[in-house]
Amino acid sequence: MSLPVTAKVPFGGDYNPEQWPEDVWKQDHRLFDSARIDLVTIGVFDWALVQPAEGVYDFSLLDRIVERAAAEGRGICLATGTGAHPAWLAKAYPEVTRTDFEGRKRRFGQRHNSCPSSPVFRRLSVELARRVARRYADTPAVVAWHVGNEYGGACYCDLCAAGFRAWLRHRYGTLDDLNAAWYTTFWSHTFTDWEQIEPPSALTEHWRGPDHTAFQGITLDYLRFSSDAMLANFLDEKTAIRESSPSLPVTTNFMGMYRPIDYHRWAAHLDFASWDNYPPDDESAARMALTHDLMRGLKDGQPFWLMEQSPGVTACRDVNPLKRPGLMRLWSWQAVAHGADAVLFFQLRASRGASEKYHGAVIGHAGRSDTRVFREVAELGAELDRLGPASLGARTPARVALLFDWDSWWALEISDGPSRLVRYQQVVLAYHRALWDAGVDLDVVAVTADLSGYDVVVAPALHMLKGDLPQRLEAVAARGGSVLTTYLSGRVDENDQAFLMDVPGPLGQLMGVRIDEWDARGPEVVNPVRLGGGADQVDVEARLLFELVIPQGAQVVGTYQADFYAGTPAVTRNSFGAGEGWYVAAGLDQAGVSWVVRQVLARHDVLGPYPDTPDLESAVRVAPDGSRLLFLLNHRAEPIEVTAPTSGVDLLTGDRALTGSALRLPAYGVVVLREDG
Amino acid sequence: MSLPVTAKVPFGGDYNPEQWPEDVWKQDHRLFDSARIDLVTIGVFDWALVQPAEGVYDFSLLDRIVERAAAEGRGICLATGTGAHPAWLAKAYPEVTRTDFEGRKRRFGQRHNSCPSSPVFRRLSVELARRVARRYADTPAVVAWHVGNEYGGACYCDLCAAGFRAWLRHRYGTLDDLNAAWYTTFWSHTFTDWEQIEPPSALTEHWRGPDHTAFQGITLDYLRFSSDAMLANFLDEKTAIRESSPSLPVTTNFMGMYRPIDYHRWAAHLDFASWDNYPPDDESAARMALTHDLMRGLKDGQPFWLMEQSPGVTACRDVNPLKRPGLMRLWSWQAVAHGADAVLFFQLRASRGASEKYHGAVIGHAGRSDTRVFREVAELGAELDRLGPASLGARTPARVALLFDWDSWWALEISDGPSRLVRYQQVVLAYHRALWDAGVDLDVVAVTADLSGYDVVVAPALHMLKGDLPQRLEAVAARGGSVLTTYLSGRVDENDQAFLMDVPGPLGQLMGVRIDEWDARGPEVVNPVRLGGGADQVDVEARLLFELVIPQGAQVVGTYQADFYAGTPAVTRNSFGAGEGWYVAAGLDQAGVSWVVRQVLARHDVLGPYPDTPDLESAVRVAPDGSRLLFLLNHRAEPIEVTAPTSGVDLLTGDRALTGSALRLPAYGVVVLREDG
Amino acid sequence: MSLPVTAKVPFGGDYNPEQWPEDVWKQDHRLFDSARIDLVTIGVFDWALVQPAEGVYDFSLLDRIVERAAAEGRGICLATGTGAHPAWLAKAYPEVTRTDFEGRKRRFGQRHNSCPSSPVFRRLSVELARRVARRYADTPAVVAWHVGNEYGGACYCDLCAAGFRAWLRHRYGTLDDLNAAWYTTFWSHTFTDWEQIEPPSALTEHWRGPDHTAFQGITLDYLRFSSDAMLANFLDEKTAIRESSPSLPVTTNFMGMYRPIDYHRWAAHLDFASWDNYPPDDESAARMALTHDLMRGLKDGQPFWLMEQSPGVTACRDVNPLKRPGLMRLWSWQAVAHGADAVLFFQLRASRGASEKYHGAVIGHAGRSDTRVFREVAELGAELDRLGPASLGARTPARVALLFDWDSWWALEISDGPSRLVRYQQVVLAYHRALWDAGVDLDVVAVTADLSGYDVVVAPALHMLKGDLPQRLEAVAARGGSVLTTYLSGRVDENDQAFLMDVPGPLGQLMGVRIDEWDARGPEVVNPVRLGGGADQVDVEARLLFELVIPQGAQVVGTYQADFYAGTPAVTRNSFGAGEGWYVAAGLDQAGVSWVVRQVLARHDVLGPYPDTPDLESAVRVAPDGSRLLFLLNHRAEPIEVTAPTSGVDLLTGDRALTGSALRLPAYGVVVLREDG
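Computed from a prediction, not measured in an experiment: that's the story for all the values here.

**Some details on the relation of the copies chain B and chain A**
Then, in step 1: The two copies are related by a screw motion: chain B maps onto chain A through a turn of 120° and a shift of 0.0 Å along the axis, at an RMSD of 0.1 Å. The transformation relating the two chain copies, once decomposed into turn and shift, fits a three-fold axis. Using C-alpha coordinates, one finds that chain B approaches the rotation axis most closely at arginine 104 of chain B, a distance of 5.3 Å.

Pasting the structure below:
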């Protein structure tokens, strides 16, 4: 089971005709035609519509919606409708609503509101999925199943407490093992009966919110349990779908770097990944690239679907800026460049009421096709038509891996000490940014991924080391590769217990250093770091965290310039086998991070064609037929002129480029060069 | 029923002799005499005193207080005592305490603590009001009834939930209509039984507090319901009062621009309006003027009472600055200038204990009459004596209306998108400030007000359009008037559903524009706007919100100067009938707003005598006998010299002024000129 | 009963071998030997270990721990183990967990988690203490009992409500007296049955957190009750200990300036004081000195134990900076200089897991002795060995007293008005800083302390005046002493009721002023104050609070320079008997405070030897044998050269100094000069 079968990159998005009289549907489809929209996502929130009461199912309206879309020739991504439960269910069975972190029992409201452990919710959501699948499995227009919607949050009710205890029994077997893992001798926490265990919340282990916990081990396990509990909901529905639909691919829409859910724990269970891209601002090109790569990495490089993006504004933020002209197109092509095999919007027609009425839509409240947004959507539709199947199933030929680890994210950010100001994402983003600026094709992978195919592995803030990861990282270096890691790596095992050895724990041999102590300071404190020497010497700034390094064989590459530890190492390089281990001990600024990353990459031929042209992104995909597609994306509001790095045809214009010939990308311009074979 | 009958502007305020031994009362009255205090408000918080237990009423102390005040010749504004319920009531009937937005059931404490839907509270508060009125209705000193105190807040208990459902049944009749109004197809929210409906709170539709809701329609209706539920409490008591007091006027003290209560829904039910003026700082002269006008507008221009102000400091703020010398007098006269027919303080004698012990009082803890505050109070008392009945019942001859609409306030601020930074009050304040600077006599009125008497109608951020308002605004312009509105106007109908037409919805014809899209940005982003042309051209700044305008007949008055929409309209003027519709599409700074407002006013002869003298406020009142009182208020800490705009007598000094003669107002000085007839 | 008997300053700290296999214990003791660690605190959190179930006690592991420590020759500070209750107890008896300020019933988690009013908790904690004491009372190595741990927080459950009512009955006797004390006539709060009284919380009298209350009197009494309720827990255990251990001293570890607990109410019940010193940053030398003096003042100047400090970093802060090299030593000696007769760390070996795994420890996760931290610890151990018994039992010969009053702290900060920005600690710190800079040996004492031995009494922000304190302050001045107090002093009586007289109330005669009114402003508003005259004249800044002073005999020392009260007094000096009363009416900056304090001190010979050498701290202790120890502490990161103020021997080096000879203190250097007799 893999990606949905489509003839080209599907284009369209969420569509809620149930909110409108049927005469509007007709206008919709005419506008869809003019924008070349060929896929609609239907039914994400239709539980109350399809099941208006317990035991009563009414598919009449959904039938008409599906029939109409099919008749119009559009593909359908069909949702099971469990993104929100209906009011009657919450009233009849209060257990289906969640209890929040503060211990407050919720009543009916909002969405994503179901307790994942509720037997009633599980029974009825499964039954709904079963019936939807049974009814539409044989509709040819349906190309994929969409389960739930943006799984997330957490519940702390007694049903979840019971679920947590069962999950713990399965994980630990005995209370002795659990007590050891959680280090409960500390603060007299020894559990002598499973029933004594409570979800870690504002009522128990936490203060100042979800990141401040007395027992990191308990909180970490509850994060894992919560992720698994929602995964069980997904699997419940998927299993029910499979009863009548043995072969259509199943997905759910992810949210990129979303902390509460460990998507790596989920990935194997999805037929294909999909995600919703709502960047916080105009300046997030690198961040989006990282997230696309993360989503692609979930399924070992298999393309994913861009399930949602806004064609214009968002509504949920305090300030909702407009996507400037051209950005929606540019970012859509960025998604394709990084592995998206679908480009979909939320939403096709704007709601009249409720909280998303001001969220951007392909069709606005006035129903016009002469808006700027509609014109840009239609132009993109035409371009995707022109592209045709060229990119479908294409893979990224990455030789650089960036490790991304939810466990390290959680462990680092729920830790007491050394610094609440060090945020996992920020560290990862800085190292990714350096790679992105260099035009490196890279995979963002789990710590369990096979690393044998990579020349370079970058592992920022790899706080937790699990299983044989240290050995696999050593193997990368041993065979000539480079491994880069940073401060706050190699600190704890999978139970968040400190390694009883020098920091960075099992990475010490590879890195050739030991960390004697570490200093944390507020953002106003800078320690200058001098990198390199001679002509290459550069002075950068370090902030927030400063580890004091005692080399154990490593070569010093950068040194602190201030404080009592001035002159001691801040960056080191260690020869290990045929390769190298690099350690960055301080919170370097972006210039410092980029300098180090370029040094690491220098031994490997992995730079993109324009490593010194800021804001000109490049990305390569290799199609199943072996053809290479080179995507060039100009993120500047001004044109860029470069020379073509290779000969090929721009699939968007049909223009040919010759190696070394001038290539001009207008502001926010895109080139998709199929390289000559 | 109308204003209390008084021989002059009543002067005095809240008085709590029940907190003191009777020998203190004697000192109080001697000090009242020396300050010419002739009215006391009594009994606002005396429920526990008068009804010490269920079924037990004891008026003995209140009798002595009333008798003493009457004997001393002072008028009495007598409260029903329901501003706070007693401890025994909360203990005996837990239902009377509120459940807060977070879902927490309150226990006894604070004040304004009663659930408005509690049958027990309603029964016992009414009984108290009935008995108070019965006992004192024939006391000649009593001139008015004061019901409750500063109604506000909200309750989310199950009794309120039931009340809300009954209110909804009355409003919508059927669940189908309710589902349509609330747009419940969205997020599977369809209600199939009235009992499924929950108050919108932190447990249901809200996150991040009262302004973030998944369903604006539900939250909006709960705001309306809450306002109505407390109005019912007021009406309960008023009805009980009327049983024995058929003719004494009844009021309750409002709080100006207080968001939780829609005073326009209440206004018809009060015999006269009154309010408590606690400006946040020294810089709020215009804001106070606006609020006085709003309060006067509640009863179609009938004078109101200034029920409370502090003679010195407040206590409830984080920082409680002193009113500088002269300000209390100046602001008291400002109230009179805008329609106040009473000038009252909270409080006459300072409490020794509890949370208001540091709140300013006419008589402080040491009981002195030689404090600065007491001296200023006594001087004002003498001035009001000198004024006599001259201003009683006088009206403001306004030809400009500023629309103020609680529904638009609520809808705008509970909306997801486009910007949480745009605050209704701030927009209204900016447009009011421009009018105030121009010395315009204006009414602040509800959107249901009769607009036929106005030359100019200013409607900032008129987010919601209800009923025939668009037609009435068009009528203003049709007959030669001017209508000004701004960005974020004309967006939603009374159910907060977007109009299915171009923005600004039903105002589009009047304004001659359509808004294609809009951009929101943080406060650090400025788009310069060029207004006017030729010699009149001026460059100002716009922030926060930028609507992109496509003129549909309107003339462009101002254009954006930056970003991709540079050169497109930011301000437009549209000819409509004999008049004009003005549209301001961006968040202009005060200079820009003032420039536009002066342009709008230019066609109408409505400016005050000193439109170019900043901080010199003017206001006119026309007494029932036709005499015109011109109030001049110098808000500067320095003197101002101008020429008299008219001939007349300064009622405070007896000095005559001749048109064109020099008029000198000292720092914070006041002139009340009775114009020669 | 007094301090534990030791042969020298005990050195060591918290030790949790129960977290480790026994083979680690052996390494620990070898390392302890090399660092000259001679005291371990054991069993602070061992309830679950010692009592694994109700009725089951198992001392086997604790026996081995104690035996091992004793066999190694180390003293033991033995805890009763009630710092946290075990999970089985919370599950079996939910009453033992607390209900928080928000009204949320806690479940098992964290530590310091027991309801102080729970009969079950009281019964079982006492039984545990009884058994621990019975078992180990005759172990010679045990030198002191450590009850609980860092008592704090508060509980708002129904058991506490009942306890509060009982406490109130005891305090007030009748409801009439309670109603009078709480001023309940205000806002109809009269209580007619004890059962109507609720703990003041977010559900009752509070909004915006614990500092905003409608009834200061209620909140104040709940703070007192909470402090007493936890004191009762301490006394419960102490009494149980005394059954088998009649003579070993008992303590609990305090937290310095910790607002929730009034340590002065506790002090008489401890045999000796001890506290945990975790300064927030590197800049808190004066603050630590103040806190040491406060702790020493608890027991009338008797030395205390420094029970905890970190040898390196903390973990609980957002940012946890490293103690720079030398600071741990310097601050340890500062503790000794101010009266510490023990220097102990938390912790001797770092935990592997849970929330303190990154808290600094003498022995880190790698178990090394060649870390910087271990080396510095070992060097300090050697120095303390060298010092021997010289400082044991020594007293500070203070002639200056600084008053510190929890009631004033509470009353000031829970007050509505005049300013939430004035914080008690900040005011106290500023005045202390001035004294500390001057090198004054001072006592920090309760307002009930005997003041007859002091020449100068400094009482900043003495908001509440209780008992005969005004008379005792007058007596200080009458006999020639000086009394200094500030704005916001003399405002309320012990029930937080304003004095019915001029501010500063009963201090008015001593100060010779009356305060007519006061102004509060934000931190951006400065009023310059001119101090002194002629050559001594200096201009400083005042902020936040400005009282307007009318002298009643006092001489004006400083005047405001701006605003309408420019030229009026800001600082005054009043002759009273043979002495003086000083009043500072405004929030002077540190320069202003220091200027005033130096003026006050000028009449008294109390300055230290280096009043004009910033960062060079001096402190004197007089040993029981009459020898004077002069501690000199260089808080600079650079050396300081001065001349010796006296002849003597440096006990750390054996070097002799002669009066007037050069004395060089290296960066962070320490000299302990035993003055020649």
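**Describing unusual backbone geometry**
Then, in step 1: Each neighbour pair has its own omega, and for phenylalanine 346 of chain B with glutamine 347 of chain B the value is 20°, a cis peptide bond.
Then, in step 2: Relative to the assigned elements, glutamine 347 of chain B resides in the loop between strand 9 (340-345) and helix 12 (372-387).
Then, in step 3: In the segment running from glycine 417 of chain C into proline 418 of chain C, the intervening peptide bond is cis, with an omega of -5°.
Then, in step 4: The topology assignment puts proline 418 of chain C in the loop between helix 13 (406-413) and helix 14 (424-437).
Then, in step 5: The backbone phi angle of leucine 488 of chain C is positive, close to 65°, even though this residue is not glycine.

**Regarding the domain arrangement of chain A**
Residues and elements named next belong to chain A.
Then, in step 1: Taken domain by domain, chain A comprises domain 1 (11-108 + 126-153 + 249-387), domain 2 (400-602) and domain 3 (616-675).
Then, in step 2: Summarising the inter-unit geometry, the C-alpha centres of domain 1 and domain 3 are found 30 Å apart.
Then, in step 3: Counting the surface lost from both domain 1 and domain 3, the interface buries some 1400 Å², and carbon and sulfur atoms represent 65% of this.
Then, in step 4: It is Leu330, Trp333 and Ala337 in domain 1 that bury the most area against domain 3; as a group they hold 38% of the surface buried on that side.
Then, in step 5: Taken together, domain 1 and domain 3 are joined by one salt bridge.
Then, in step 6: Across the salt bridge formed by arginine 621 and aspartate 341, the nearest N and O atoms sit 3.1 Å from each other.

**Details of helix 13 (residues 406-413) of chain B**
Then, in step 1: Where burial is concerned, most of helix 13 of chain B is hidden: eight out of the eight residues are buried.
Then, in step 2: Residues of helix 13 of chain B that are buried in the fold lie against helix 8 (216-244), helix 9 (263-266), helix 10 (285-298) and helix 14 (424-437) of chain B.

**Looking at the side chain of aspartate 63 of chain A**
All names here are of chain A.
Then, in step 1: In this structure, aspartate 63 sits in helix 3 (residues 60-71).
Then, in step 2: You can call aspartate 63 buried: its relative accessible area is 16%.
Then, in step 3: Filtering out sequence-adjacent residues up to four positions away, aspartate 63 remains in contact with Arg135 and Tyr136.

**Section: the interface of chain A and chain C**
Accessible area lost when the parts come together is the quantity often used to give the size of an interface.
Then, in step 1: Taken together, the contact pairs 56 residues of chain A with 49 residues of chain C.
Then, in step 2: A combined buried area of about 4700 Å² lies between chain A and chain C, and 51% of that area is made up of carbon and sulfur atoms.
Then, in step 3: When residues of chain A are sorted by the area they lose upon contact with chain C, Tyr183, Trp187 and Ser188 of chain A head the list and together hold 16% of the total.
Then, in step 4: The interface formed by chain A and chain C includes twelve salt bridges.
Then, in step 5: Here aspartate 158 of chain A ties to arginine 107 of chain C by a salt bridge, and the two come within 3.1 Å at their closest N and O atoms.
Then, in step 6: Counting across the chain A and chain C interface gives 30 residue pairs in polar contact (both at pLDDT 80 or more).
Then, in step 7: At the level of elements, helix 6 (158-172) and strand 14 (513-520) of chain A are the ones that each hand at least two residues to the side of chain A that touches chain C.
Then, in step 8: It is strand 14 of chain A that contributes the most residues to the side of chain A that touches chain C, six residues altogether.
Then, in step 9: Classifying every residue of the side of chain A that touches chain C by side-chain character gives 20 nonpolar, 17 polar and 19 charged.

**Some thoughts on the environment of aspartate 271 of chain B**
Residue and element names in this part refer to chain B.
Then, in step 1: When you line up the elements, aspartate 271 lands in the loop between helix 9 and strand 7 (274-277).
Then, in step 2: Since its relative accessible area comes to 7%, aspartate 271 is described here as buried.
Then, in step 3: Aspartate 271 sits 321 residues away from glycine 592 along the chain, and the two C-alpha atoms are 40 Å apart.
Then, in step 4: Only 2.7 Å separates the side chain of aspartate 271 from the side chain of arginine 242, close enough to count as a polar contact.
Then, in step 5: At 2.7 Å, the side chain of aspartate 271 forms a polar contact with the backbone nitrogen of valine 250.

**Regarding the nonpolar core**
Then, in step 1: Counting residues in hydrophobic clusters, the biggest one holds 219 residues, and the most contacted among them are Trp145, Trp333, Leu403, Leu473, Leu588 and Val596 of chain A together with Trp182 of chain B.
Then, in step 2: Once residues within four sequence positions are removed from consideration, tryptophan 145 of chain A is found in contact with Leu78, Val132, Ala133, Tyr136, Ala137, Ile241, Ser245, Leu248, Pro249, Val250 and Thr251 of chain A.

**What about the sheet that holds strand 1 (residues 11-15) of chain A?**
Residue and element names in this part refer to chain A.
Then, in step 1: An order of 5-4-3-2-1-9-8-7-6 is seen for the nine strands of this open sheet, with the pairing classed as parallel. Two strands close off the open sheet at either side, each with one partner strand: strand 5 (250-251) and strand 6 (253-254).
Then, in step 2: Alignment of strand 1 against strand 2 (residues 39-42), held across four bridges, turns out to be parallel. Counted as the bridge partner of glycine 12 is leucine 39 from strand 2.
Then, in step 3: Against the sheet, helix 11 (residues 327-337) contacts strand 8 (304-308) and strand 9 (340-345), and its axis sits at roughly 150° relative to strand 9.

**Quick word on the confidence of the model for chain A**
Then, in step 1: The pLDDT averaged across chain A works out to 97; a share of 100% of its residues lies at or above 70.
Then, in step 2: Reported for the predicted complex are a pTM of 0.97 and an ipTM of 0.97.

**A look at the UniProt feature "domain: Beta-galactosidase C-terminal" (unreviewed entry) in chain A**
Then, in step 1: Look at the UniProt record and you will see "domain: Beta-galactosidase C-terminal" (unreviewed entry) annotated at residues 620-675 of chain A.
Then, in step 2: Across residues 620-675 of chain A, the secondary structure splits into 0% helix and 52% strand, with the terminal C-alpha atoms separated by 10 Å.

**A look at the UniProt feature "active site" (unreviewed entry) in chain A**
All names here are of chain A.
Then, in step 1: The UniProt record annotates "active site" (unreviewed entry) at Glu150 and Glu308. Separation in sequence by 159 residues is not matched in space for these annotated residues, since their most distant C-alpha atoms are only 10.7 Å apart.
Then, in step 2: Mapped onto the fold, glutamate 150 is located in the loop between strand 4 (142-146) and helix 6.
Then, in step 3: Contacts of glutamate 150, omitting those with residues within four sequence positions, involve Arg111, His112, Asn253, Met255, Asp276, Tyr278 and Glu308.
Then, in step 4: Residue glutamate 308 is classed as buried on the basis of its relative accessible area, which comes to 5%.
Then, in step 5: Beyond its immediate sequence surroundings of up to four residues, glutamate 308 is in contact with Asp14, Asn149, Glu150, Asn253, Trp275, Asp276, Asn277, Tyr278, Leu344, Phe345 and Phe346.

What counts, and where the lines are drawn
- Residues numbered from 1 in each chain as written.
- Chains lettered and ligands numbered in written order.
- Predicted model: local features only at pLDDT ≥ 70, side-chain atom pairs only at ≥ 80, totals over all residues.
- Heavy atoms only, no water.
- Least-squares fit on C-alpha atoms with pLDDT ≥ 70 in both.
- Helix = DSSP H or I, 4+ residues; strand = E, 2+ residues; numbered from the N terminus.
- Domains from an automatic or database assignment.
- Buried area = accessible area lost by both parts, 1.4 Å probe.
- Salt bridge = Lys/Arg side-chain N within 4 Å of Asp/Glu carboxyl O.
- Buried < 20%, exposed > 50% of the residue type's maximum accessible area, 1.4 Å probe, protein only.
- Contact = heavy atoms within 4.5 Å.
- Polar contact = N/O pair within 3.5 Å; in protein donor to acceptor, adjacent residues only side chain to side chain.
- Nonpolar A, V, L, I, M, F, W, Y, C, P; charged D, E, K, R; others polar.
- Core = buried A, V, L, I, M, F, W, Y, C linked by side-chain atoms within 4.5 Å.
- Pairing = 2+ DSSP bridges.
- Axes fitted to C-alpha atoms, helices over the stretch in contact; angles between N-to-C directions.
- pLDDT = per-residue confidence, 0-100.
- UniProt positions renumbered as here; feature names shortened; annotations may be inferred.

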